[in-house]
Amino acid sequence: MLEKALYGDRRYWTWVIFLMTLMGIGFLFYLRQLEYGLGITGLSRDVTWGFYIAQFTFLVGVAASAVMVVLPYYLHDYKVFSKMTILGEFLAISAVTMCVLFVVIDLGQPMRAVNIILHPTPSSIIFWDLIVLNGYLVLNALISRVTLDAERKSIAPPKWIKPIIILSIPWAISIHTVTAFIYCGLGGRPFWFTAILTPRFLASAFASGPAFLILLVMILKKFTKFDPGKEPIFKLSEIITYAMSLNVFFILLELFTAFYSGMHEHQQSFLYLFFGIDGHARLVPWIWTSIILAVFSLILLFNPKTRRNEKFLTIACISVFLSIWIDKGIGMVVAGFVPSPLGKVTEYWPTIPEALIALGVYALGFLLITIFYKIALSVRGEVAK
Amino acid sequence: MSFDRRKFIKIAGLTTIVTLTGKPVFDAIAADSPLNVSTEPNRLTAKRWAMAVNTKKCLEKEGCTDCITACHHIHNVPDFGNPKDEVKWIWHEKYENAFLDQENEYMEEKLKDKPVLVFCNHCDNPPCVRVCPTQATFRREDGIVMMDWHRCIGCRYCVAACPYGSRSFNWRDPRPFIKEIVPDFPTRTRGVVEKCTFCDERLAIGLQPACVEACKEKALVFGDLEDPKSEIRELLKANFSIRRKPALGTQPEVYYIV
């Protein structure tokens, strides 16, 4: 089936070459990072995780969100999602691949990464995260391949795949749960040390992932013959509305415990994020942008008139996606390190090489999405418009 | 063709999985290496090593950095000259930074704004060891929290987990920034984490940690907490001492006499 990605019109190839150029640039800067060390990034002794690990965390959410189309279709026999499941699974594969790459490029000694397998350590959450992420990758690769192959041959998928699909549902929850455990199990980092972090991760995942899926469908509708109809889009937008509301609600819960209790150390990172500490306020405009986008998106999503209007829904989905990307892809990880365990404020901002390396990984992810969607649509004969 | 491409990939994949998962099992059966490898007859041993810092004595000589200089010299700790790349094993921190949870605006003047020595606490319940995905950092039976710089993959999970900021990462090649390389001790490579090791290499040949030896005021006392007659136990018996962030349950083994 892969050969279907090798045939395309000029627009397809321009896009592919554009992505490959970004990947090439990212790769060259990565070689530079390997030679110089991670000092090429904006990270420092006090802020030791930054843009790479934050992207990893955000994309685990995008990957997990495939379950929002798989669950209604396979568990509740919700037929409306029949055309969507494969898109969700392919998005999951691409997102998990990016996750793994973001972890690898963040390692100081990537050539030793195999030590995690050579010296398995069940007490480390990273060990479990490696298992659940790769397991999820294998599950989705298998499911999408088998179901698409059946669709190509116009036969029903084999029976044995059904339990595997059902297994992928709790597995999707597990990848984001375990990823949250990386953070919320550390007693020395009060900002992350909260049981609501895991549900918050899941809620934001089930908002940002489906939002991205809707945006992808809009793009496909514009450039290809693919059209799932209005119903799955509206159903997804309801899912996004619930998930985004929960996400904002959970953030408010966090603020209540931190500020009503008056516990100094639980407030510090929030104060840094929202107002800055001693003039250090690099993330402040970002986090307020995230809040404004969240509120704005909820206004559009709550109102059935705007939610059921494709133009407004697209704007709402972009707002949800950006809001959560800022919250998780910038704020959440960095703020955990500010102030430091010694009460000092060191600011972090990604450097240009760091941003270009990350962009290269994103380009690879988008290339995978492009190729996978091309294959899926070719199989259904829905490519050209 | 009976052995097509897909079948080949399947078998190749399975072989890889079996090889990768089989190795640790094999190692677990084959491995039988003791942790204390030194056979030196006069090596120092203990059931639980710990350090006491007598802050009053430490402050006697203002601006003294003898212990820091000695430690960083013999351990080939680089000096990058900037806070971003900084690597340090033992250093001075203001009292209110070292003891964040002891906030007190009207603290006695001889401690307020005064420097306190901080370094790895060699916790009994170390979060860094718990989170390390490769066991590159581990707790020895005698209580020393050690680092294996050849196994560390540089994920920095331990740095995120340490509530004391005791761990440093080599953001770049440290070797050009070591003033004078001491050949007796390994230098590190870029991309690994390092920290104080209670001078395990000196204990192994019967010497006290370098910082303890360097302190002329005898402000640092190192010894076995399980030995009731040890100097450190006598000192802790006779003086009021505190530890950093005890509420976190890490059981730090560095005691501060204030």
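Residues numbered from 1 in each chain as written. Chains lettered and ligands numbered in written order. Predicted model: local features only at pLDDT ≥ 70, side-chain atom pairs only at ≥ 80, totals over all residues.

Focus on helix α7 (residues 161-184) of chain A
Residues and elements named next belong to chain A. Condition: Each helix corresponds to a stretch of at least 4 residues labelled H or I by DSSP, and each strand to a stretch of at least 2 residues labelled E; elements are numbered beginning at the N terminus. Take the number of residues in a helix, subtract one, and multiply by 1.5 Å to get its expected span. Bend at a residue means the angle formed by two fitted axes: the first through the 7 residues ending at that position, the second through the 7 residues beginning there. We call two residues in contact if the C-beta atoms placed from their backbones are at most 7 Å apart.
Between its terminal C-alpha atoms α7 stretches 35 Å, which fits the 34 Å expected from 24 residues at 1.5 Å a residue. The axis of α7 is deflected most strongly, by about 25°, at Pro 170. In this fold, the buried residues of α7 make contact with α2 (51-64), α3 (67-75), α6 (125-152) and α8 (197-223).

A look at the confidence of the model for chain B
Residues and elements named next belong to chain B. Test applied: Along the chain, pLDDT gives the predictor's confidence residue by residue, from 0 to 100.
Predicted confidence across chain B gives a mean pLDDT of 90, with 90% of residues reaching 70 or more. Within the model, pLDDT remains below 50 along residues 31-35, and this stretch shows two contacts once partners closer than five positions in the same chain are excluded. As scored by the predictor, the complex reaches a pTM of 0.91 and an ipTM of 0.93.

Describing the interface of chain A and chain B
Filter applied, for reference: For this scheme, ten residues count as nonpolar: Ala, Val, Leu, Ile, Met, Phe, Trp, Tyr, Cys and Pro. Four count as charged, namely Asp, Glu, Lys and Arg, and the remainder, Gly too, count as polar.
Taken together, the 34 residues of chain A in the interface contact 42 residues of chain B. Elements supplying a minimum of two residues to the side of chain A that touches chain B: α5 (115-118) and α6 of chain A. For the side of chain A that touches chain B, a count of residues per class yields 15 nonpolar, 15 polar and four charged.

Some points on the environment of B:Pro133
Tracing the backbone through its elements, the reader meets B:Pro133 in the loop between α5 (127-131) and β4 (137-139). Taking the C-alpha atoms as reference points, B:Pro133 and B:Ile153, 20 residues apart in sequence, are found 8.8 Å from one another. Among all residues touching B:Pro133, those that are not within four sequence positions of it are A:Ile116, A:Thr121, A:Ser124, A:Ile126, A:Phe127, B:Cys155 and B:Tyr157.

Structural notes on the pairing of strand β8 (residues 220-224) of chain B
Residue and element names in this part refer to chain B. Quick reminder of the rule: Exposed residues have 12 or fewer other C-beta atoms within 10 Å of their own C-beta, buried residues have 20 or more, and residues in between are partly exposed; the C-beta atoms are placed from the backbone. For two strands to be treated as a pair, DSSP must find at least two bridges joining them.
Within β8, five of the five residues are buried, leaving the element largely enclosed by the surrounding structure. The sheet contact formed by strand β1 (residues 49-54) and β8 spans five bridges and is antiparallel. Paired with Ala 50 across the bridge in β8 is Gly 223.

Overview of the domain arrangement of chain B
Short version of the rule: Where each domain begins and ends follows an automated or database-derived domain assignment.
As assigned here, chain B comprises domain 1 (1-31) and domain 2 (45-257). Computed from C-alpha atoms alone, the centre-to-centre distance between domain 1 of chain B and domain 2 of chain B is 43 Å.

Some words on unusual backbone geometry
Of note, the bond from A:Val338 into A:Pro339 is cis; its omega dihedral lies within 30 degrees of zero at -5°. The backbone phi angle of B:Cys199 is positive, close to 55°, even though this residue is not glycine. Considering the arrangement of structural elements, one finds B:Cys199 in the loop between β7 (193-194) and α7 (200-203). With 24 C-beta atoms packed within 10 Å, B:Cys199 lands in the buried category. Its identity as a non-glycine residue notwithstanding, B:Lys218 has a phi of 55°, on the positive side. With respect to the helices and strands, B:Lys218 occurs in the loop between α8 (210-214) and β8. Overall, B:Lys218 belongs to the exposed group, with 11 C-beta atoms counted inside 10 Å.

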